[in-house]
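The lines below spell out each chain.
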Amino acid sequence: MILSTLIGEPWDDYGLIDSGHGRKLERYGRFRFIRPEPQAMWAPASADWQADGEFIPGSDEEGGGRWQYSGQVPRDGWPMKWDDVAFTAQTTPFRHLGFFPDMAPVWNWMRERLDGVADAEVLNLFGYTGVGTLALASKGVKMVHVDASKKSVEGARANARLAGLDAKPVRWMVDDATKFAAREVRRGRRYDGILLDPPKFGRGPEGEVWRLEEGLPGLIQDCRQLLDDKSRFLFLTVYAVRMSALAIGELVSQAFADLPGTVEAGELAVREEARGLLLPTAIWARWSRST
């Protein structure tokens, strides 16, 4: 198993400006925000951070808190763009801003894996607001986008309209990801790739409970059944800090032992603009077949 780091570089509409003392300063379009960041244990490059909003964490362990604004931040969001994909950024009660900028190198990698594959179809489980879905749909990939949150899927469809991609072949599914994957296995379906970004904890549309440590092994096995020796990839990201890249890498390695290809694992990181240091954000594992 190969270990490596995927690095998110700044782009026109996003950048990690500075980080340190348990916080990070980022730019999202024309706005700047401060958010908690436990991994930023070092000192920041500057002591003077100017921001339009800051997320103040609550005292509970469930990630609660509130936004505190000093600028005129539109509560219903503002347009941003990654490459040729437009979407809406928005402050949320969960401290993030409606998408995960550290996934940008993953979006590029998936595009590369599917380059030249005719009629490619990809399954995006836990698809959230759909920037990853649209990154592939914009290149002509057929997408199946699954999320248990009706609000998230509605946001993803709104992003598709904003990007001018609403006519692309995307199936928008409000469904429990594990149940959907299991049904696809029973139907004998296959995909050219799977993007898998499960939360640590979640609930399905009918109250189904998802716990990462309990549900992930079975879900990986179902995903394996949806791929074959002509498929191109499975990409798994995990934001739960109690897991390691080695652990999820071995999980994927065992599940895909019967398929030709390569299993890799490592960390996602974003490069800070102030000093070029790398801020780790998540762990990942992937299987890919040579093109």
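Check the entry above for the structure.
Nothing here was measured: the structure is a model prediction, and the numbers come from that model.

Student: Mind laying out helix 1 (residues 104-114), listing which residues take part and the relevant values?
Tutor: An α-helical turn contains 3.6 residues, so a residue and the one three or four places further along point in the same direction. Here helix 1 lies mainly inside the structure; 9 of its 11 residues are buried. Where helix 1 is concerned, the buried positions are A104, P105, V106, W107, W109, M110, R111, R113 and L114. Phi turns positive, to about 85°, at G116, one or two residues after helix 1.

Student: I'd like a description of empty space enclosed by the protein, backed by residues and values.
Tutor: Counted by the stated rule, this structure contains 1 cavity of 30 Å³ or more. Taken together, 15 residues make up the lining of the largest cavity; nearest its centre are F100, W107, G127, G132 and D197. Among the residues forming the lining of the largest cavity, the class breakdown is 8 nonpolar, 6 polar and 1 charged.

Student: How would you sum up the packing of helix 5 (residues 212-225) against helix 6 (residues 245-255)? Please name residues and give values.
Tutor: Packing of helix 5 against helix 6 leaves a shortest axis separation of 10 Å and a crossing angle of 35°. Remark: the crossing between helix 5 and helix 6 carries right-handed chirality. The segment helix 5 lies against helix 6, with L216, P217, I220, Q221 and R224 engaging I248, L251, V252 and A255. Residues belonging to the contact of helix 5 with helix 6 are distributed by class as follows: 7 nonpolar, 1 polar and 1 charged.

Student: Before we move on, could you go through the pattern of salt bridges and cite the residues and values that matter?
Tutor: Applying the stated criterion across every chain, the model contains 18 salt bridges. In this structure, the salt-bridge partner of R189 is E121, at a minimum N-O distance of 3.1 Å. Here E121 lies in strand 9 (residues 121-125) and R189 lies in the loop between helix 4 (177-186) and strand 12 (193-196), a separation of 68 residues in the sequence. A relative accessible area of 24% means that R189 is categorised as partly exposed. The exposure class assigned to E121 is buried, which follows from its relative accessible area of 17%. In this structure, the salt-bridge partner of D228 is R190, at a minimum N-O distance of 2.7 Å. Remark: R190 occurs in the loop between helix 4 and strand 12 and D228 occurs in the loop between helix 5 and strand 15 (233-238); sequence separation between them is 38 residues. For R190, a relative accessible area of 33% corresponds to the partly exposed category. By sharing partners, the salt bridges in this structure join D83, D84, R111 and K139 into a single network.

Student: Which residues make up the sheet that holds strand 5 (residues 53-57), and what are the values?
Tutor: The strands making up a sheet associate through hydrogen bonds between their backbones, and the pairing can be parallel or antiparallel. Taken together, 5 strands build an open sheet; the order of strands is 2-3-4-5-6 and the sheet is mixed. Single-partner strands in this sheet number two, and they are strand 2 (14-20) and strand 6 (65-69). When the angles between neighbouring strand axes are averaged without regard to direction, this sheet yields 20°. Examined bridge by bridge, strand 3 (residues 23-28) and strand 4 (residues 31-36) share 6 bridges and lie antiparallel to one another. Within strand 4, the residue paired with R27 across the bridge is R32.

Student: Tell me about the sheet that holds strand 1 (residues 2-8), and please be specific about residues and values.
Tutor: Strand order across the open sheet formed by 8 strands is 1-16-17-15-12-9-10-11, with mixed pairing between neighbours. Every other strand in the sheet has two partners, leaving strand 1 and strand 11 (170-174) as the edge strands with one partner each. With strand direction ignored, the average angle separating the axes of adjacent strands in the sheet is 20°. Two strands pair when backbone bridges link them, and strand 10 (residues 142-147) and strand 11 are joined in this way by 5 bridges, in the parallel orientation. Directly across from V144, in strand 11, lies its bridge partner R171. Along the sheet face, helix 1 touches strand 1, strand 9, strand 12, strand 15, strand 16 (262-271) and strand 17 (278-288) and points at about 170° away from the line of strand 15. Sheet contacts for helix 3 (residues 150-162): strand 10 and strand 11; angle to strand 11, the most-contacted strand, approximately 160°.

Thresholds applied
Residues numbered from 1 in each chain as written. Predicted model: local features only at pLDDT ≥ 70, side-chain atom pairs only at ≥ 80, totals over all residues. Heavy atoms only, no water. Buried < 20%, exposed > 50% of the residue type's maximum accessible area, 1.4 Å probe, protein only. Helix = DSSP H or I, 4+ residues; strand = E, 2+ residues; numbered from the N terminus. 1 Å grid on protein atoms, 1.4 Å probe; cavity = no way out; pocket = protein on both sides within 12 Å on 5 of 7 lines; lining within 4 Å. Points joined across faces, edges and corners; volume = space filled by probe spheres on them. Nonpolar A, V, L, I, M, F, W, Y, C, P; charged D, E, K, R; others polar. Axes fitted to C-alpha atoms, helices over the stretch in contact; angles between N-to-C directions. Left-handed = near helix turned anticlockwise from the far one by under 90°. Contact = heavy atoms within 4.5 Å. Salt bridge = Lys/Arg side-chain N within 4 Å of Asp/Glu carboxyl O. Pairing = 2+ DSSP bridges.

In short, shape yes, function no, at least from these values alone.
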